[in-house]
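# Overview (structure and organization)
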Amino acid sequence: MDSINVTGGRALEGTIPIAGAKNACLTLMPATLLSEEPLTLTNAPRLSDIRTMSRLLASLGAEVSPLSDGLVLAMSSHALNGDRADYEIVRKMRASILVLGPLLARLGHAVVSLPGGCAIGARPVDLHLRALEAMGAKLDLRDGYVHAKAPAGGLRGGDVEFPLVSVGATENALMAATLARGTTRLRNAAQEPEIVDLARCLRAMGAQIAGEGTSEIEVQGVDRLHGATHRVVTDRIELGTYMLAPLIAGGEVTLGGGRRDLLEAFCERIEAAGAEVRQDATGLTVRRANGALRAVDVATEPFPGFPTDLQAQMMALLCTAEGKSVLEERIFENRFMHAPELVRMGACIDVQGGQATVTGVERLRGAPVMATDLRASVSLILAGLAAEGETTVSRVYHLDRGYEHVVAKLRGVGARIERVRAND
Ligand code: EPZ
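Residues numbered from 1 in each chain as written. Predicted model: local features only at pLDDT ≥ 70, side-chain atom pairs only at ≥ 80, totals over all residues. Heavy atoms only, no water.

The full set close to the ligand counts 23 residues, and D126, L127, S166, D309 and I331 are the nearest of them. L127 is positioned such that a nitrogen or oxygen atom in its backbone is 2.7 Å from an oxygen atom of the ligand. Here I331 contributes a backbone N or O atom positioned 2.6 Å from an oxygen atom of the ligand. Contact with the protein chains removes 87% of the 820 Å² of surface that the ligand exposes when unbound. Every element with two or more residues in the shell around the ligand is listed here: α1 (22–28), α5 (126–133), α6 (167–177) and α12 (374–386). Ranked by residue count, the leading element in the shell around the ligand is α5, at three residues. No fewer than three residues from each of domain 1 (3–18 + 234–420) and domain 2 (22–231) sit in the shell around the ligand. (Near = heavy atom within 4 Å. Polar contact = N/O pair within 3.5 Å; in protein donor to acceptor, adjacent residues only side chain to side chain. Areas by Shrake-Rupley, 256 points an atom, 1.4 Å probe, with all protein chains shown as cover. Helix = DSSP H or I, 4+ residues; strand = E, 2+ residues; numbered from the N terminus. Domains from an automatic or database assignment.)

Turning next to the pattern of salt bridges. Within this structure, the stated rule accounts for 29 salt bridges. In this structure, D2 engages R419 in a salt bridge whose closest nitrogen and oxygen atoms are separated by 3.0 Å. Taken together, the residues D2 in the segment before β1 (3–7) and R419 in strand β24 (residues 416–420) connect sequence positions 417 residues apart. You can call R419 partly exposed: its relative accessible area is 26%. For R421, the salt bridge identified is with D2, shortest N-O distance 2.6 Å. Residue R421 is located in the segment after β24, and its partner D2 is located in the segment before β1; the two are separated by 419 residues in the primary sequence. For R421, a relative accessible area of 62% puts it in the exposed group. The structure contains a network of salt bridges with shared partners spanning D159, R185, R187, E216 and E218. (Salt bridge = Lys/Arg side-chain N within 4 Å of Asp/Glu carboxyl O. Buried < 20%, exposed > 50% of the residue type's maximum accessible area, 1.4 Å probe, protein only.)

Pairing is mixed in the open sheet, where four strands are placed in the order β10-β11-β13-β12. In this open sheet, the two strands that pair with only one neighbour each are β10 (159–161) and β12 (208–210). The mean angle between the axes of side-by-side strands here comes to 15 degrees, regardless of whether they run parallel or antiparallel. (Pairing = 2+ DSSP bridges. Axes fitted to C-alpha atoms, helices over the stretch in contact; angles between N-to-C directions.)

Right, here's the structure in full:
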């Protein structure tokens, strides 16, 4: 398995281009199942998760053709020949569950493997199933699969009240509702920018949706959806990750295409810690306002709150900030696995349940560390940029799921970083 070596101590200067959002693309791709006409996505990120979703859609009979070196995904679901999402694919990528709603809406039946847990938590899908049942679906859980059937006349509009905010369940319900007969209301819906992007794409396909980006979304079902071309929204998590690089290593970096409105709560926290963030037409430019960084408290919440997907990266920054910071992880039950690895680098972190207290140290020290999940792995690279000496991050396949060309992007602003190909 490949590893990445980072040698810290060098300030960063230059521009990092930000790709299209992985978590938008992973819900936009299953939307192709809702129409017999082609759906084309531009500004698609080139990531292993996108290739996995392509394989899943192809196994259902869809055609996915990456064009322009993968930046464009030309998809067509004219003739589907399957309704089954196998455990082999689903266990590798939880987002596979997002084919359930579209298959039910288009075909009236689907057999989708339950995703199982993952490193950061149990991550059940009960809210996805409850939403589809509210539209008349009959769901039978057996041998690790959801066997789903729509009523004879197809899904019907229904009222869905989510007891807690779920991005994926909102996405599944929103896609299914576009073809359900009648009106569907989603209450306590997720408000993430990726939901707004999905709604815009569905509307371009002829869906009738109102309220996306708020906690109440209303959908008037239509008989069919037509094709469309849609540009994937900028990846706010990649953006926030690289905004932290000049803060942790020093220097000034511009994030190409960066938009502050995608990350307001995150920007407020890093400014409280001592960052200067400037927005202009080219993107966001970030640097330390006056040298030292100050400790700040952070609590992760559904959008528009501080994103859980930036918690690990923020922890890396706070390891070298002056004072004591308290990070509270309110979304997932086990999302501090990066903490012991940062401690190996000399960080001072005390984890008690869903709360981590970080006491800033003068300098981190390079060390061999291990990536455990996508966002934890990039937090270790950020820490390596600030550490004295060399840090070797192993199991970087986690990184390839969510960060396109991370070595090239950081090298492009002066970081001393290289990927070591394993000969296994
Ligand atoms: C999406 O996951 C993202 N993934 C995650 O990003 C992100 O961390 C998460 O939203 C929260 O923002 C994609 O978009 C592909 P949820 P999702 O349903 O939809 C519980 C990354 O690093 N829950 O909003 O699975 C769940 O256990 C990934 O890019 C239920 O209890 O997240 C969690 O505690 C990691 N029942 C909370 O809700 C359900 O049916 C939020 O989960 C569904 C969720």
